[in-house]
Amino acid sequence: MEFKTFVFYFLAAIMVLAALRVITARNPVHAALFLVLTFFNAGGLWLLLQAEFLAVTLVMVYVGAVMVLFLFVVMMLDINLDRLREGFWSYLPVGALVGILMLVEMVMVLGGSYFGLEAMPAPAPVAADYSNTRELGRVLYTDYVYAFELASLVLLVAMVSAVALTLRKRKGLKSIPPSEQVAVRREGRVELVKMQSEKDD
């Protein structure tokens, strides 16, 4: 077995175990930490596929920003976990069926050569000055531009929803309309008063 293959199976095994702990951990903070571990291993798999830009983006965006936002929302909403877990076992058969289907699909894709299926052709060698970032941008903003805009709208709706969920009006809170804050001038705020100086005797 090649070292690259060993690293792939090692990262994939840790990622699957961490993903299982994300949905089975009782503490949401622990689940978030396991999700961070899942993202790190997914980034390692991207590095094995020579997609360095996607790996770095996955770590920076999801681990650095999305997970912090997730923890912030969990702590702000004060979610009742016992109430959320009431119907967990009722959805277990459907979830197990979906998981088995995904497992069968992954086995067919990764181990197709062992079942007599035609293996995917190896990727063609690329030039030394090839940039997967440039190629990704070209494909993303030409062939998949509508899907990209749709995804941006979904993220915008998610961001507005997160703000609406965490926005709470408190009684007795004094606030100034932004229009009045912008209209403030120095002459209306600062007043210079002339006073005679006092001398010590």
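Owing to the predicted nature of the structure, the values given are computational and were not obtained by experimental measurement.

J.: Can you walk me through the overall build of the chain in this structure?
T.: Regarding its fold elements, the chain presents nine helices and zero strands. In the chain, the succession of α and β elements from N to C terminus is α-α-α-α-α-α-α-α-α. Within the span of the chain, comprising 201 residues, buried residues form 13% of the whole. Long-range pairs, those at least 24 residues apart, make up 61% of the contacts in the chain between residues at least 6 apart in sequence. In the form shown here, the chain has an accessible surface area of approximately 17700 Å², with 68% of it arising from carbon and sulfur atoms.

J.: What's the story with the UniProt feature "transmembrane region" (unreviewed entry) in the chain in this structure? I'm lost.
T.: As annotated by UniProt and renumbered to match this structure, "transmembrane region" (unreviewed entry) occupies residues 6–24, 31–49, 55–77, 89–115 and 144–167. Along residues 31–49, the helical share is 95% and the strand share 0%, with 27 Å between the first and last C-alpha atoms. With 92% helix and 0% strand, residues 144–167 has its two end C-alpha atoms placed 35 Å apart.

J.: Whenever I open this one, helix α1 (residues 3–24) confuses me. Can you help?
T.: What sets the pattern is the α-helix's 3.6 residues per turn: residues three or four places apart point alike. Between its first and last C-alpha atoms α1 spans 32 Å; for 22 residues at 1.5 Å apiece the expected length is 32 Å, and the two agree. Every buried residue belonging to α1 is among Val7, Leu11, Ala12 and Ala18, and all of these are buried. Angular distribution of buried residues about the axis of α1 spans 135 degrees; they occupy a single face of the element. Exposed residues on α1 whose side chains face more than 90 degrees from its buried face are Leu17 and Ile23.

J.: When you look at the pattern of salt bridges in this model, what are you seeing that I'm missing?
T.: When their charged atoms lie close together, side chains carrying opposite charge are able to pair. Tallying each qualifying case throughout the model produces one salt bridge. Ionic pairing is found between Glu135 and Arg138, a salt bridge with its closest N-O pair at 2.6 Å. In this pair, Glu135 and Arg138 both sit in helix α6 (residues 132–140), three residues apart, roughly one turn of the helix.

J.: Teacher, can you tell me more about the packing of α1 against helix α2 (residues 28–48) here?
T.: The description of two helices packed together rests on the angle between their axes and the distance between the axes. In the contact formed by α1 and α2, the axes pass within 8 Å of each other and the chain directions differ by 155 degrees. Compared by their axis directions, α1 and α2 come out roughly antiparallel. For the pair α1 and α2, the sense of crossing is left-handed. Of α2, the residues touching α1 (which contributes Lys4, Val7, Phe8, Leu11, Ala12, Ile14, Met15, Ala18, Ala19, Arg21 and Val22) are Ala31, Phe34, Leu35, Leu37, Thr38, Asn41, Ala42, Gly44, Leu45 and Leu48.

Definitions and cut-offs
Residues numbered from 1 in each chain as written. Predicted model: local features only at pLDDT ≥ 70, side-chain atom pairs only at ≥ 80, totals over all residues. Heavy atoms only, no water. Helix = DSSP H or I, 4+ residues; strand = E, 2+ residues; numbered from the N terminus. Buried < 20%, exposed > 50% of the residue type's maximum accessible area, 1.4 Å probe, protein only. Contact = heavy atoms within 4.5 Å. Areas by Shrake-Rupley, 256 points an atom, 1.4 Å probe, with all protein chains shown as cover. UniProt positions renumbered as here; feature names shortened; annotations may be inferred. Expected span 1.5 Å × (residues − 1). Arc of directions from axis to C-beta. Salt bridge = Lys/Arg side-chain N within 4 Å of Asp/Glu carboxyl O. Axes fitted to C-alpha atoms, helices over the stretch in contact; angles between N-to-C directions. Parallel < 35°, antiparallel > 145°, perpendicular 65-115°, else oblique. Left-handed = near helix turned anticlockwise from the far one by under 90°.

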